[in-house]
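Residue-level listing of the chains:
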Amino acid sequence: LVALRREYAQLITSGAQAGLLIFALQDPARGVLDTALGVIAAISVFAWVSTTRRARAIGDTPTSRIASAAQGYVELKGRGRQLDGLPLLSPLTGLACLWFRYRIQRRDGEQWVDEGGDESSESFALDDGTGRCLIDPEGAEMLASRKDTWTQGDRRYTQWLLIENDPVYVLGEFKTRGAVDLHLDPAADTRSVLAEWKKDREQLLERFDLNGDGQIDLDEWELARRQARREVERDHREARSQSDVSVMQRPTDGRLYLISNLDPDRLANRYRFWSVFHIGFFFVGVGWLAYLWR
């Protein structure tokens, strides 16, 4: 389940429950049936906890505005925007997008066998009218409704996309990075600058060999060191003057990190449905076990 997105995990846990039940009914021996029902109950509890936690996270977290969002776990809604530079392109269709996931399957008799797939990890922006925020999809549960499937020859292609101007909902950790997050070391950076200058001896002599003897003596080296320090201080001032950048990323405490183009109310209802489904399966399994033991 770790390697798969939670969207598919719901189907897998449901399929496991149904498969165990069918297996137990085909071999109604008391021990086999008891074991299968016990495993069904355990899977149901695990799935119920997972879906309930997600439904509550979505339903209980208020929507924040980028311009006034507090640092920490927040919910944002807005429109997806591409970052400056070359756009991200879908490998299957060449369509410009914010994010993609694709899967390729090959026909093997009556079945489709997975042949490969990939998912993008490039950041994009979210604009809610009060500001922009970078969205880092690394480690997120991505739920995209824009899905295309087509067949060419003996291969089937499926892709999911988020594209420019799509509505985007994000639940995760909001951080503002900028001057307050810079950890600058003037001494170390000065040494780095001097090391770079040493690599180009001709340029170094042209700038700091004041007496023209083809060597950099102690006084000239001190001059070079001071110049390097001034350049480093200038670069540090420019770095600290840059505007802060807001980023949504995976929470460090393990809480849900979700990105979707679905309405959050619809998402919460989906998880509530799965929660009821799994707790219902739990009571079916426990009730059947109680009946057998009686």
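Scroll up for the structure.
In this text, all values refer to a predicted model and were calculated from it rather than measured experimentally.

1. Some thoughts on the pairing of strand E10 (residues 155–162)
- Among the eight residues of E10, six are classified as buried, and the element is accordingly described as predominantly covered.
- Relative to E10, strand E4 (residues 99–108) runs antiparallel, the two being bridged by eight bridges. In the strand pairing of E10, Arg-106 is matched with Arg-155.
- Bridge analysis of strand E9 (residues 147–152) against E10 gives six bridges, and the strand direction is antiparallel. Note that in E10 the partner of Thr-151 across the bridge is Arg-156.

2. Observations concerning the environment of Ala-140
- Along the chain, the position of Ala-140 falls in the loop between strand E7 (132–135) and strand E8 (141–143).
- Exposure remark for Ala-140: the relative accessible area of 1% places this residue in the buried category.
- With 31 residues separating them along the chain, Ala-140 and Leu-171 place their C-alpha atoms 9.3 Å apart.

3. Quick look at the nonpolar core
- Counting residues in hydrophobic clusters, the biggest one holds 21 residues, and the most contacted among them are Leu-76, Phe-124, Ile-135, Leu-162, Val-170, Met-248 and Ile-259.
- Secondary-structure elements contributing two or more residues to this core are strand E1 (72–81), strand E6 (124–127), E7, E10 and strand E11 (167–177).
- Here this core takes three residues from E11, the largest share from any one element.
- In contact with Met-248, not counting residues within four places along its chain, are Val-74, Leu-76, Cys-133, Leu-134, Ile-135, Asp-136, Val-170, Leu-171, Gly-172, Glu-173, Phe-174 and Tyr-257.

4. A closer look at the sheet that holds strand E5 (residues 111–119)
- Pairing is antiparallel across the open sheet formed by four strands, whose spatial order is E5-E4-E10-E9. Of all strands in the sheet, those bounded by a partner on one side alone are E5 and E9. Mean inter-strand twist for the sheet, computed between neighbouring axes without regard to direction, equals 20 degrees.

5. Observations regarding helix H3 (residues 186–199)
- When the terminal C-alpha atoms of H3 are compared, their 20 Å separation across 14 residues agrees well with the 20 Å that a helix rising 1.5 Å per residue should span.
- Those residues of H3 that fall on the buried side of the exposure criterion are Thr-190, Leu-194 and Trp-197. For H3, the buried positions fall inside an angular range of 55 degrees around the axis, keeping them on one side. Seen from the buried face of H3, the exposed residues on the opposite side, beyond 90 degrees, are Arg-191 and Lys-199.

6. As for the packing of aromatic side chains
- The tally for this structure, following the rule as stated, stands at five aromatic pairs.
- Ring geometry for Phe-273 versus Trp-274: centroids 5.6 Å apart, planes at 70 degrees, classification edge-to-face.
- In textbook terms, an aromatic cluster arises when at least three aromatic residues are bridged by ring pairs, as seen for Phe-273, Trp-274 and Phe-277.

7. Quick look at unusual backbone geometry
- One non-glycine residue, Asn-165, lies in the positive phi region at around 75 degrees.
- A relative accessible area of 39% places Asn-165 in the partly exposed class.

8. Focus: the pattern of salt bridges
- Following the criterion strictly, the structure yields 13 salt bridges and no others.
- Taking the shortest distance from any N to any O, the salt bridge between Arg-54 and Glu-141 comes out at 2.7 Å. Pair noted here: Arg-54 is in helix H2 (residues 30–60) and Glu-141 is in strand E8, with a separation of 87 residues, a long-range link.
- Owing to a relative accessible area of 2%, Arg-54 belongs among the buried residues under this scheme.
- Its salt-bridge partner being Arg-132, residue Asp-127 comes within 3.6 Å of it at the nearest N-O pair.
- Classification of Arg-132 as partly exposed rests on a relative accessible area of 47%.
- Each member of the salt-bridge network shares a partner with another, and the members are Arg-106, Glu-115, Asp-154 and Arg-155.

About the thresholds
Residue numbers restart at each chain and count upward from 1, following the sequence in its written direction. In keeping with the predicted nature of the model, local features appear solely for residues at pLDDT of at least 70, side-chain atom pairs appear and are counted solely at 80 or more, and the whole-chain, interface and lining totals rest on all residues. Side-chain measures were taken over the full set of non-hydrogen atoms in the model, leaving aside hydrogen atoms and water. A 1.4 Å probe rolled over the protein chains alone gives each residue an accessible area, and that area as a share of the maximum for its type sets the label: buried under 20%, exposed over 50%, partly exposed in between. Strands are runs of DSSP state E lasting at least 2 residues, helices are runs of H or I lasting at least 4, and numbering of each runs from the N terminus. Strands are treated as partners if at least two bridges between them are detected by DSSP. What is meant by a nonpolar core is a set of buried Ala, Val, Leu, Ile, Met, Phe, Trp, Tyr and Cys residues, joined one to another through side-chain atoms within 4.5 Å. The contact rule is simple, with two residues in contact once any of their heavy atoms fall within 4.5 Å. Between N-to-C directions, angles span 0 to 180 degrees; the directions come from axes that are lines fitted to C-alpha atoms, helices contributing only their stretch in contact. By definition here, a helix of n residues has an expected span of 1.5 Å times n minus one. The arc refers to the directions leading from the helix axis to the C-beta atoms. Pairing of aromatic rings covers Phe, Tyr and Trp, the last counted by its six-membered ring, and requires centre-to-centre distances within 6.5 Å; plane angles under 30 degrees mean stacked, over 60 mean edge-to-face, and any other angle means tilted. The salt bridge criterion pairs a side-chain nitrogen of Lys or Arg with a carboxyl oxygen of Asp or Glu, the two atoms within 4 Å.

Remember, this is a structural readout, not a statement about activity or role.
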